[in-house]
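Analysis of the macromolecular model
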Amino acid sequence: MNTEKDLQKQTTAIAETKRFVLIGIRNAGKSSLMNRLFEREVSIISNTPGTTTDPVTRKLELGKLGAISISDTAGLDDSGELGAMRTARTWENIKAASVYIFVTPSHLAPSKEEITLLEKLVQNKKGVLICVLTHSDKNLHPEKLKLTKNLESIPVDNQTGTGIDSLKQVLINLTDQLDSEITPLEGLVTEGDLVVLVTPIDLAAPRGRLIMPQVETIRDLLDRDCGTLIVKERELNQFYNSLKIPPKLVITDSQAFHKVAADIPEEQLLTSFSILFARKKGDLEQFIKGIINLSNIPDGGRVHVMESCSHHRQADDIGTVKIPRLFRQLVNSKTRFSFSRSLPDDEELNSIDMIIHCAACMINRNKMISRLEKFADHNIDVTNYGLFLGWVNGLLPRALEPFTDLYHEYRDLF
Ligand SMILES: Nc1nc2c(ncn2[C@@H]2O[C@H](COP(=O)(O)OP(=O)(O)OP(=O)(O)O)[C@@H](O)[C@H]2O)c(=O)[nH]1
Ligand code: SF4
Ligand SMILES: [Mg+2]
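Residues numbered from 1 in each chain as written. Chains lettered and ligands numbered in written order. Predicted model: local features only at pLDDT ≥ 70, side-chain atom pairs only at ≥ 80, totals over all residues.

Digging into the pairing of strand β13 (residues 354-357)
Quick reminder of the rule: Exposure classes come from backbone-placed C-beta atoms, where a residue is buried if 20 or more other C-beta atoms lie within 10 Å of its own, exposed if 12 or fewer do, and partly exposed in between. A run of H or I in DSSP counts as a helix once it spans at least four residues, and a run of E counts as a strand once it spans at least two, with each numbered from the N terminus. Strands are treated as partners if at least two bridges between them are detected by DSSP.
The alternating pattern of β13 places M354 and I356 and I355 and H357 on opposite faces, both of which are buried. Bridge count for strand β11 (residues 302-306) against β13 is four bridges, and the pairing is parallel. Along β13, the bridge assignment pairs M306 with H357.

A word on unusual backbone geometry
Each neighbour pair has its own omega, and for L396 with P397 the value is 15 degrees, a cis peptide bond. Assignment of secondary structure puts P397 in the loop between α15 (385-392) and α16 (404-410). If you check the backbone angles, E39 has positive phi at about 55 degrees while not being a glycine. For N379, which is not glycine, the phi torsion reads 55 degrees and is therefore positive. Within the element layout of this structure, N379 appears in the loop between α14 (365-377) and β14 (381-384).

Looking at the site of ligand 1
In plain terms, the rule: Using a C-beta atom placed from the backbone, a residue is described as near a molecule or strand when that atom lies within 6 Å of it. Polar here means any residue outside two lists: the nonpolar Ala, Val, Leu, Ile, Met, Phe, Trp, Tyr, Cys and Pro, and the charged Asp, Glu, Lys and Arg; Gly therefore counts as polar.
Around ligand 1 there are 22 residues in total, and G29, S31, S32, T52 and N158 lie nearest to it. Ranked by the residues each element gives to the shell around ligand 1, the list is headed by helix α2 (residues 30-38), at three residues. Broken down by class, the residue content of the shell around ligand 1 amounts to four nonpolar, 15 polar and three charged.

What about the sheet that holds strand β12 (residues 336-340)?
Formally: Orientation is described by axes fitted as lines to C-alpha atoms, over the contacting stretch for helices, and by angles from 0 to 180 degrees between their N-to-C directions. Here the contact rule is simple: place C-beta atoms from the backbone, and any two residues whose C-beta atoms are within 7 Å are in contact.
An order of β12-β11-β13-β14 is seen for the four strands of this open sheet, with the pairing classed as parallel. The sheet terminates laterally at β12 and β14, the two strands that pair on one side only. Strand after strand, the sheet turns through a mean of 20 degrees between neighbouring axes, direction not considered. With four bridges connecting them, β13 and β14 associate as parallel partners. Bridged to I355 within β14 is V382. Packed onto the sheet, helix α12 (residues 318-330) meets β11, β12 and β13 and runs at close to 145 degrees relative to β11.

Looking at the confidence of the model for the protein chain
Going by this rule: pLDDT gives the predictor's per-residue confidence on a scale running from 0 to 100.
This prediction gives the protein chain a mean pLDDT of 91; 95% of its residues lie at or above 70. The model gives residues 1-11 a pLDDT under 50, and that stretch makes six contacts with residues more than four places away or in other chains.

Looking at the nonpolar core
Spelled out, the test is: Under the definition applied here, buried Ala, Val, Leu, Ile, Met, Phe, Trp, Tyr and Cys residues are grouped into a nonpolar core through C-beta atoms within 7 Å. Residue ranges assigned to the domains are those given by an automatic or database domain assignment.
One finds V195, I355, I356, A359, Y385, L387 and F388 to be the most contacted residues of the largest nonpolar core, which totals 56 residues. Here this core gathers at least three residues from each of two domains, domain 2 (194-276) and domain 3 (283-392). With sequence-adjacent residues up to four places away left out, V195 is seen in contact with V189, L221, C226, T228, P247, K248, L249 and I251. Membership of the second largest hydrophobic core comes to 29 residues, among which are V21, V103, L133 and L171.

Points about helix α7 (residues 212-223)
Operational definition: How far a helix is expected to stretch is found by multiplying one less than its residue total by 1.5 Å. By arc we mean the arc of the directions from the helix axis to the C-beta atoms, nothing more.
Over its 12 residues, α7 runs 16 Å from end to end, which matches the ideal 16 Å to within 8%, given 1.5 Å per residue. Turning to α7, its buried residues number three or more, namely P213, Q214, E216, T217, D220 and L221. The arc that holds every buried residue of α7, seen down its axis, measures 165 degrees, which confines them to one face. In α7, the exposed residues that point more than 90 degrees away from the buried face are L222 and D223. In the segment just after α7, D225 is the residue with positive phi, at about 55 degrees.

Comments concerning the domain arrangement of the protein chain
For the protein chain, the assigned domains are domain 1 (4-172), domain 2 (194-276) and domain 3 (283-392). Put simply, the middle of domain 1 and the middle of domain 2, counted by C-alpha atoms, are 42 Å apart.

Re the sheet that holds strand β7 (residues 194-198)
Taking strand neighbours across the sheet as the criterion, the four strands line up as β8-β7-β9-β10 in an open arrangement whose pairing is parallel. Both outer strands of the open sheet, β8 (227-231) and β10 (270-272), are each paired with one neighbouring strand and no more. Strand after strand, the sheet turns through a mean of 25 degrees between neighbouring axes, direction not considered. Inspection of the sheet shows β7 paired to β8 by five bridges, in the parallel sense. Within β8, the residue paired with L194 across the bridge is G227. Here helix α10 (residues 273-281) sits on the sheet in contact with β9 (249-252) and β10, set at roughly 70 degrees to β10.

Overview of helix α4 (residues 112-123)
At 3.6 residues per turn, the α-helix brings residues three or four places apart onto the same side. End to end, α4 covers 17 Å across 12 residues, agreeing with the expected 16 Å (1.5 Å per residue, within 8%). Looking only at α4, the buried set comprises E114, L117 and L118. Angular distribution of buried residues about the axis of α4 spans 95 degrees; they occupy a single face of the element. In α4, the exposed positions that point more than 90 degrees away from the buried face belong to K112, I115, T116, E119 and Q123.

So, in structure tokens, the structure goes:
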């Protein structure tokens, strides 16, 4: 029989877990450590350097820390063209992680790649850095001691498993240090509130289930002891008018904004799932500034539409069809469009004027924030689907009204 914990482990998506990454040079013992942590064979181990080529990510339930995900990665000293691609993927994993576990063999002098890696990780103040000294049955190399003496270091012997319990305890003790992503309705509702959710069931809706932002929002409302009415946009007016308690908030799919706004009173607080996720996963303020700067797009400028997963595209797909059409109609008819599901490289970013991003429900906040920082480094304005569709439907600043501070700061700029 499944315990409640087992069920939680099975149902927590990797995007919602705190992410840990095992990093180091080839043959440092990363995959051996991964298997020790999971107590089973998750990664392939061999004494041939470069055994792990693609990151391997698995979920693990770790005491009061709850569900975490751990990624085993390719060695950062991999060489050649393929090696560079693997190293780039390892860095993507590092950027998405909250905890970096630097794995290094005790008995060997530090390599130049290890020294560079540690310098970069120490500079990057976002994550927690932990050092695991493998081959702990051998003497610690004096240079390795020098390199790691200021880090929290745990000696581990992967052959016997000595030190693994201490490492797990150190990880569990990080619970209070780790920032967890806010829930969709954090600060927006209180116990006893009624919230109306409008979820169109159209061709784009997956068969027989709801999409992740809707599911997470419903769960959050239940956790907060709120009442929920879930309707399609067609039934909204009828049910809304029969309510005895005025809803605290109406949350709609961005694509139904126009109809929903027409069917509820003007004073009713209204926002979208996508705007809730813009705040949860990224930086709502940066997305608002992106909308305010829409008119800066030059003739012939390039807008890049980015998504975070490979969902099936429909004929009238929001990212590749609707947004470009609306943008050309309402902002600038001469705009060029491009699309991707992964981060464009630096050279490509230099030719992009604006990014419109999906709600990013399938990636974690750290990953989205690292994307946003990259866009800011390249001076690229960015917004998200929900804010863009809110603006298109004349619902900005109204759809920001539930976020009181931002609303007061920006309402006069629309
Ligand atoms: N004696 C000893 N051997 C270890 C230890 N950790 C790993 N090894 C051995 O070192 C070799 C490399 O281990 P892996 O776990 O595959 O190393 P890795 O860091 O994943 O290597 P790549 O995937 O190539 O980057 C294997 O032969 C392991 O059995 C350890 O703590 N002690
Ligand atoms: S990650 Fe983006 S594209 Fe994928 S389902 Fe979520 S919002 Fe849609
Ligand atoms: Mg490996």
